Amino acid sequence: MTRIVAFYETIIHKSTQKTKGDIKEMIGIFDSGIGGLTVVKAITERIPGYDIIYFGDTARTPYGNKSPETVIEYAVQNTTFLLNNGAKIIVMACNTASSVAFDIIEKRFEAPVFEVITPAVELALESSRKTAIGVIGTRATVKSGIYEKKIKALNSSARIYSVECPLLVPLVEEGWIDRPETAMIVKKYLHPLKVRQIDTLILGCTHYPLLKHVIQRKIGKRINIIDSSTGVAEKVEKFLKDRPDIDCLLSKNGKSRIFVSDVTDQFAKTARATLKQNVLLEQVKI
Ligand code: DGL
């Protein structure tokens, strides 16, 4: 059962008025909240026109301080919801879920599944001259050690320094993007990476691109910041080029449906600012 609970300004997504039987195949994307919208934006910029179904698990955010077992359970539920509502491929637009649940999701479901970690690792290794790479992420992502594992598998001499930043997701969800308190916290989190003389910094959480300007200011303008959203958008584009059999099933009316497990004014405001368009939010219990 879904309920439309927030309608911002004048755009009505006609697809929300369709019945389940009429739903066309879409690109399904999920995150614990607002962060995955940075991936939605990157995908719609890279391959405009594809219809998207998004689920932000705002009622249960943040994922980053939960156990792997809980995040896996949520990821299974989110994927099931998206597939039951028209998704043909799944993008796990969440580093936390990608780091602990990707293998399980990939095995359990037939649909093609994308994660956000490999694209960030590949971009970081391309961009880092000294192969001294910093990673910031949620506690669960950093604890999983996934970035170290994937970077070392491609370059065993790389130096990787990871810092967990558990306060950043709530700050972004709260819309505290340009607050001085947020800048202070970012500075504190980045300090250990500054002293290690990294030349590349991976934003290991899809919420962090919304703080990119603050992070760049605090880490220094010489450091390359890698945001996995562009990398995963490239992967999806390549996949669809290689798989015309799947590509032809996807509808391309440039429509998005955005589902959330809890609606807040703040989510609506940040969603509108991130996507730079009006949004219709649909609340769903999954
Ligand atoms: N944006 C997500 C990530 O990339 C989730 C953060 C959270 O819910 O803690 O990790």
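Here's what I pulled together on the structure shown here. (Residues numbered from 1 in each chain as written. Predicted model: local features only at pLDDT ≥ 70, side-chain atom pairs only at ≥ 80, totals over all residues. Heavy atoms only, no water.)

Here we come to the overall build of the protein chain. Within the protein chain, the regular secondary structure consists of twelve helices and eleven strands. A globule of 286 residues ought to have a C-alpha radius of gyration of about 19 Å, and the protein chain, at 18 Å, matches this closely. Along the first, second and third principal axes, the C-alpha set of the protein chain runs to 55 × 40 × 35 Å. Burial status across the protein chain gives 58% buried among its 286 residues. By element, 51% of the accessible surface of the protein chain is carried by carbon and sulfur atoms, the whole surface being about 13000 Å². In the protein chain, the 41 positive side-chain charges and the 31 negative ones have mean positions that sit 5 Å from each other. (Helix = DSSP H or I, 4+ residues; strand = E, 2+ residues; numbered from the N terminus. Rg over C-alpha atoms; globule rule 2.2 N^0.38 Å. Buried < 20%, exposed > 50% of the residue type's maximum accessible area, 1.4 Å probe, protein only. Areas by Shrake-Rupley, 256 points an atom, 1.4 Å probe, with all protein chains shown as cover. Lys, Arg positive; Asp, Glu negative; His and termini not counted. Charge placed at Lys NZ, Arg CZ, Asp CG, Glu CD.)

Quick look at the sheet that holds strand β9 (residues 224–227) now. With respect to topology, four strands assemble into an open sheet ordered β7-β6-β8-β9, the strand pairing being parallel. The open sheet is flanked by β7 (159–164) and β9, the only strands paired with a single partner. Between one strand axis and the next, the sheet turns through 20° on average, direction left out of account. (Pairing = 2+ DSSP bridges. Axes fitted to C-alpha atoms, helices over the stretch in contact; angles between N-to-C directions.)

Okay, the packing of helix α8 (residues 180–195) against helix α9 (residues 212–219) next. Put simply, α8 and α9 touch, their axes get as near as 9 Å, and they point 50° apart. On the basis of the axis angle, α8 is oblique to α9. In this structure, α8 meets α9 at a crossing whose hand is right-handed. Where α8 approaches α9, its residues A183, V186, K187, L190, L193 and K194 are matched on the opposing element by V214, I215, R217, K218 and I219. (Parallel < 35°, antiparallel > 145°, perpendicular 65-115°, else oblique. Left-handed = near helix turned anticlockwise from the far one by under 90°. Contact = heavy atoms within 4.5 Å.)

Among the nonpolar cores identified, the biggest contains 58 residues, and I27, I43, I136, L201, I215 and L240 are the most heavily contacted of them. In this view, I215 contacts I136, V186, L190, L201, L203, Y208 and I225; residues no more than four positions away in its chain are not counted. By size, the runner-up hydrophobic cluster in this structure holds 25 residues, among which are M26, F30, A101 and F102. (Core = buried A, V, L, I, M, F, W, Y, C linked by side-chain atoms within 4.5 Å.)

Let's shift gears to the site of the ligand. The environment of the ligand is made up of 14 residues, and the closest members are S32, Y63, N95, T96 and H207. The side chain of S32 places a nitrogen or oxygen atom 2.5 Å from an oxygen atom of the ligand. Take N95: an N or O atom from its main chain is 2.7 Å from an oxygen atom of the ligand. Contact with the protein chains covers 99% of the free accessible surface of the ligand, which is 290 Å². Residue classes in the shell around the ligand are distributed as five nonpolar, eight polar and one charged. (Near = heavy atom within 4 Å. Polar contact = N/O pair within 3.5 Å; in protein donor to acceptor, adjacent residues only side chain to side chain. Nonpolar A, V, L, I, M, F, W, Y, C, P; charged D, E, K, R; others polar.)

Attention now moves to the state of the cysteines. Across all of its chains, the model carries zero disulfides by this definition. In this model C165 remains outside any disulfide bridge; the closest cysteine sulfur is found in C205, 8.8 Å from its own. (Disulfide = S-S within 2.5 Å.)

Let us look at a positive patch on the surface. On the surface, a cluster of positive charge is contributed by R129, K130, R159 and R196. Inspection of the secondary structure puts R196 in the loop between α8 and β8 (200–204). (Patch = residues over 30% accessible without salt bridge, like charges linked within 9 Å, V, L, I, M, F, W, Y side chains within 5 Å. Salt bridge = Lys/Arg side-chain N within 4 Å of Asp/Glu carboxyl O.)

This part covers α9. Turn by turn, an α-helix covers 3.6 residues, leaving residues three or four places apart pointing in a common direction. Inspection of α9 places V214, I215 and I219 among the buried residues, and these make up the whole buried set. One side of α9 holds all its buried residues, which, seen down the axis, span an arc of 115°. Where α9 is buried, its residues meet β6 (132–137), α8, β8 and β9. G220 sits one or two positions beyond α9 and adopts a positive phi of about 110°. (Arc of directions from axis to C-beta.)

Running from N to C, helix α4 (residues 117–127) and helix α10 (residues 228–242) cross one another at 110°; their axes reach a closest spacing of 8 Å. By the criterion of interaxial angle, the relationship of α4 to α10 is roughly perpendicular. Across from P119, A120, E122 and L123 in α4, the residues of α10 making contact are S228, T230, G231, V232 and K235. Residue composition of the contact of α4 with α10, grouped by class: four nonpolar, three polar and two charged.

Along strand β10 (residues 256–260), five of the five residues are buried, which leaves the element largely enclosed by surrounding structure. Neither face of β10 is open: one carries S256, I258 and V260, the other R257 and F259, and all of them are buried. Bridge count between β10 and strand β11 (residues 280–284): three bridges; the pairing is parallel. For F259, the partnering residue across the bridge sits in β11 and is E282. After leaving β10, the chain enters helix α12 (residues 265–275) and then returns to the sheet as β11, a path that is right-handed. (Right-handed = clockwise from strand over helix to strand, strands pointing away.)

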